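# Structure at a glance
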Amino acid sequence: MADRPLTVYGNGQQTRCFCNVKDAVRAVVALSQEPRALGEIFKHWQRRRDHDPGAGQRIVQRAGSRSEIQLIPYDQAYESGFEDMRRRVPSTEKINALVGWQPAISLDQTLDEVIAQFRASA
């Protein structure tokens, strides 16, 4: 929103899934009330993947910013030997089967809410 470069680490080809904190809280509350969840591991993210440059560009556009996307290679950002997974897609079938949870809030809605919050506090 300040028109400064938006940093994306790596080559920008890695994918990530996002989850609004409101969805994550719903998941944790539902799991905390389910005795069969005790000791289990669950993933609670959007299943949709967004390439970082696409997500970065989406942020810039939704904020009405003039920021440019700045790619920072891992070897400049991290110590030697750092590795990142190019593709991460969580399976949410387990949490859905146990408590019926599914993410409900899109990345676009999340971005709009965060942008509005930053504008309100500026």
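Residues numbered from 1 in each chain as written. Predicted model: local features only at pLDDT ≥ 70, side-chain atom pairs only at ≥ 80, totals over all residues. Heavy atoms only, no water.

One finds Cys 19, Ala 24, Ala 27, Leu 31, Ala 37, Phe 42, Ile 95, Leu 98 and Trp 101 forming the largest nonpolar core, which totals 9 residues. Elements represented by at least two residues in this core include exactly α1 (21-32) and α4 (93-99). The element best represented in this core is α1, accounting for 3 residues. When neighbours within four sequence positions are excluded, Ala 24 is seen to be in contact with Cys 19 and His 44. (Core = buried A, V, L, I, M, F, W, Y, C linked by side-chain atoms within 4.5 Å. Buried < 20%, exposed > 50% of the residue type's maximum accessible area, 1.4 Å probe, protein only. Helix = DSSP H or I, 4+ residues; strand = E, 2+ residues; numbered from the N terminus. Contact = heavy atoms within 4.5 Å.)

The full count for this structure, using the stated rule, is 8 salt bridges. For Glu 34, the salt bridge identified is with Arg 36, shortest N-O distance 2.9 Å. Given a relative accessible area of 17%, Glu 34 falls into the buried group. Residue classification places Arg 36 among the exposed positions, given a relative accessible area of 54%. The salt bridge partner of Asp 108 is Arg 58, with a shortest N-O separation of 3.2 Å. Taken together, the residues span a long stretch of sequence, with Asp 108 in helix α5 (residues 107-121) and Arg 58 in helix α2 (residues 52-63) at a distance of 50 residues. Members of the salt-bridge network, linked through shared partners, are Arg 58, Arg 62, Asp 108 and Asp 112. (Salt bridge = Lys/Arg side-chain N within 4 Å of Asp/Glu carboxyl O.)

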